[in-house]
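Examining the three-dimensional arrangement
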Amino acid sequence: DAQLDMTAAISKFEFLDYKYQKILVDGHLKNKYFNGKLFVDDPNLKLESDGQVDLRESSQEIILAATLERANLKALNISNDSIVVSSVLDVDFKGFTIDEVIGEGNLKNTFISKNGEGLTIDDFKFSSYKLDSVRQLSVQSSLISFDAQGDFQFTTLAKDFELLLTEYELKLINDQKQIDAYYWRKEKGDDYEIKFQLDLKNSGPLLELLYPQLEISKNTVLKGRFANSNSSVFELYSVFDSVLLEN
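What counts and how
Each chain carries its own residue numbering, running from 1 in the direction its sequence is written. Two thresholds apply to this predicted model, a pLDDT of at least 70 for residue-level local features and 80 or more for giving and counting side-chain atom pairs, whereas whole-chain, interface and lining totals are computed over all residues. For the side-chain quantities, the full set of heavy atoms in the structure was used; hydrogens and water were omitted. Angular values range over 0 to 180 degrees, each being the angle between N-to-C directions of two axes fitted as lines to C-alpha atoms, with helices fitted over their stretch in contact. Numbering of helices and strands starts at the N terminus; helices are DSSP runs of H or I of at least 4 residues and strands are runs of E of at least 2. Relative orientations are named as follows: roughly parallel for angles under 35 degrees, roughly antiparallel for angles over 145 degrees, roughly perpendicular for angles from 65 to 115 degrees, and oblique for any other angle. Contacts between residues were defined by any pair of non-hydrogen atoms, one from each residue, lying within 4.5 Å. Any residue outside Ala, Val, Leu, Ile, Met, Phe, Trp, Tyr, Cys, Pro, Asp, Glu, Lys and Arg is labelled polar, Gly included; the first ten of those are nonpolar and the last four are charged. Counted as salt bridges are all cases of a side-chain nitrogen of Lys or Arg within 4 Å of a carboxyl oxygen of Asp or Glu. When accessible area is computed with a 1.4 Å probe and restricted to protein chains, residues below 20% of their type maximum are described as buried, those above 50% as exposed, and intermediate ones as partly exposed. In this scheme Phe, Tyr and Trp rings, the latter by its six-membered ring, pair at centre separations within 6.5 Å, and the angle between planes marks the pair as stacked below 30 degrees, edge-to-face above 60, and tilted otherwise. Side-chain atoms within 4.5 Å are what join buried Ala, Val, Leu, Ile, Met, Phe, Trp, Tyr and Cys residues into a set we call a nonpolar core. Patch membership requires more than 30% relative accessible area and the absence of a salt bridge. Residues of like charge join within 9 Å; the nonpolar side chains Val, Leu, Ile, Met, Phe, Trp and Tyr join within 5 Å. Using a 1.4 Å probe, the Shrake-Rupley method yields the accessible areas, and only the shown protein chains count as cover for residues. Residue count minus one, scaled by 1.5 Å, sets the expected span of a helix. Of all possible arcs, the one meant is that of the directions from the helix axis to the C-beta atoms.

**Re the packing of helix 1 (residues 154-173) against helix 2 (residues 176-185)**
Taken N-terminus to C-terminus, the directions of helix 1 and helix 2 make an angle of 155°; their axes are 9 Å apart at the nearest point. With respect to each other, helix 1 and helix 2 are oriented roughly antiparallel. Contacts from Leu163, Thr166, Glu167, Leu170 and Ile173 of helix 1 reach helix 2 at Gln178, Ile179, Tyr182 and Tyr183. For the contact of helix 1 with helix 2, the per-class residue count stands at six nonpolar, two polar and one charged.

**Focus on the pattern of salt bridges**
Applying the stated criterion across every chain yields a total of five salt bridges. Notably, a salt bridge pairs arginine 56 with aspartate 54, separated by 2.7 Å at the nearest N-O pair. Taking the relative accessible area as the measure of exposure, aspartate 54 reaches 6% and is therefore buried. Between glutamate 193 and arginine 225 there is a salt bridge, and its shortest N-O distance comes to 2.7 Å. Taken together, the positions of glutamate 193 in strand 11 (residues 192-200) and arginine 225 in strand 13 (residues 220-228) put the pair 32 residues apart, joining distant regions of the chain. Residue classification places glutamate 193 among the partly exposed residues on the basis of a relative accessible area of 29%. For arginine 225, a relative accessible area of 23% puts it in the partly exposed group. Among the charged side chains, a network of salt bridges with common partners joins Glu193, Arg225 and Glu235.

**Side note on the side chain of asparagine 106**
Note that asparagine 106 resides in strand 7 (residues 102-114). Note on asparagine 106: relative accessible area 16%, which makes it buried.

**A closer look at the environment of glutamate 48**
Positionally, glutamate 48 belongs in strand 4 (residues 45-54). Separated by 38 residues in the primary sequence, glutamate 48 and serine 86 place their C-alpha atoms 12 Å from one another. Those residues in contact with glutamate 48 that lie beyond four places of it in its chain are Leu38, Phe39, Ala65, Ala66 and Thr67.

**Observations regarding the packing of aromatic side chains**
Considering all chains together, one arrives at nine aromatic pairs under this definition. Ring geometry for phenylalanine 161 versus phenylalanine 226: centroids 5.8 Å apart, planes at 50°, classification tilted. Of this pair, phenylalanine 161 sits in helix 1 while phenylalanine 226 sits in strand 13; the two residues are 65 residues apart in sequence, bridging distant segments of the chain. With a relative accessible area of 33%, phenylalanine 161 lands in the partly exposed category. Exposure remark for phenylalanine 226: the relative accessible area of 2% places this residue in the buried category.

**Observations regarding the nonpolar core**
Core analysis: the largest hydrophobic core is formed by 18 residues, its most contacted members being Tyr20, Leu45, Leu47, Leu68, Ala71, Leu76 and Leu89. Of all the elements in the fold, those that place two or more residues in this core are strand 2 (18-30), strand 3 (33-42), strand 4, strand 5 (61-72) and strand 6 (83-94). Apart from the residues lying within four places of it in its own chain, the contact partners of leucine 45 are Tyr20, Val40, Leu68, Arg70, Ala71 and Leu76. Listed in part, the nine residues of the second largest apolar core include Leu137, Phe152, Leu157 and Leu164.

**Details of unusual backbone geometry**
Within the chain, asparagine 31 stands out as a residue other than glycine whose phi angle is a positive 45°. Here asparagine 31 lies in the loop between strand 2 and strand 3. On the accessibility criterion, asparagine 31 (39% relative accessible area) is partly exposed. Of note in this structure, asparagine 219 is not a glycine but carries a positive phi near 65°. When you line up the elements, asparagine 219 lands in the loop between strand 12 (214-216) and strand 13. We classify asparagine 219 as exposed; its relative accessible area is 59%.

**Digging into a nonpolar patch on the surface**
Together, Ile10, Phe13, Phe15, Leu16 and Ile78 give the surface a local cluster of nonpolar side chains, amounting to about 460 Å² of exposed area. With respect to the secondary-structure elements, leucine 16 resides in the loop between strand 1 (3-15) and strand 2.

**Some details on helix 1**
Its 20 residues give helix 1 an end-to-end C-alpha distance of 29 Å, which sits within 8% of 28 Å, the value for a rise of 1.5 Å per residue. Where helix 1 is concerned, the buried positions are Thr156, Leu157, Asp160, Leu164, Glu167 and Leu170. Viewed along the axis of helix 1, the buried residues span an arc of 130°, placing them on a single side of the element. With respect to the buried face of helix 1, the exposed residues turned more than 90 degrees away are Lys159, Glu162 and Leu172. Against helix 2, strand 11, strand 13 and strand 14 (232-239) lie the buried residues of helix 1. Trailing helix 1 by a residue or two, asparagine 174 shows a phi angle of about 60°, which is positive.

Below, the structure written as structure tokens:
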């Protein structure tokens, strides 16, 4: 198999209609497997990373340690909002599509600025694993934690949740002809169920950044399930001290 030790400076690289500048690659390439370092000194992205990317069909794995000094997501055409991110991250996962991904990651000293408002998250961990057909999803931080399990696929879940919103809208309109026509046209989807728990330990700083009109008391716990068959079912249970929306 062909092997190549490479140290290459890339003057420009275009992605999402943005032209990245000052990229340096230093590593070893063999049969779709790369082990080495990547440095980016672009005006809107400053990154140093060290790891390995295995594109071989039998592996499809990324193990990466990186320091993201600064990423301007609006300038990079990743977000419509003025969001700037910095973080130190370690990731180890397999699979290159969202439904195939299994593994874990850890972000430390993360800072997010949105439209002038800032948020610091000291430690943020996430993982996604499968046992047989059951996926275990976990997100842990000092602000919130989220755990879910079920025999679901991410892409299917997103599509079916949109259909659920449509079904609730039909029930509010309460036009039986529209309801009957909708279910007659609706194709039979996969049967699955996902159970979840969201712990809002201290959601204030996060809501202040993302949705400042909403305030929820500390240590609020939400439990629920989403099930899909001929129709979709969404259940949510919670006991909370206070919720404040737009004063």
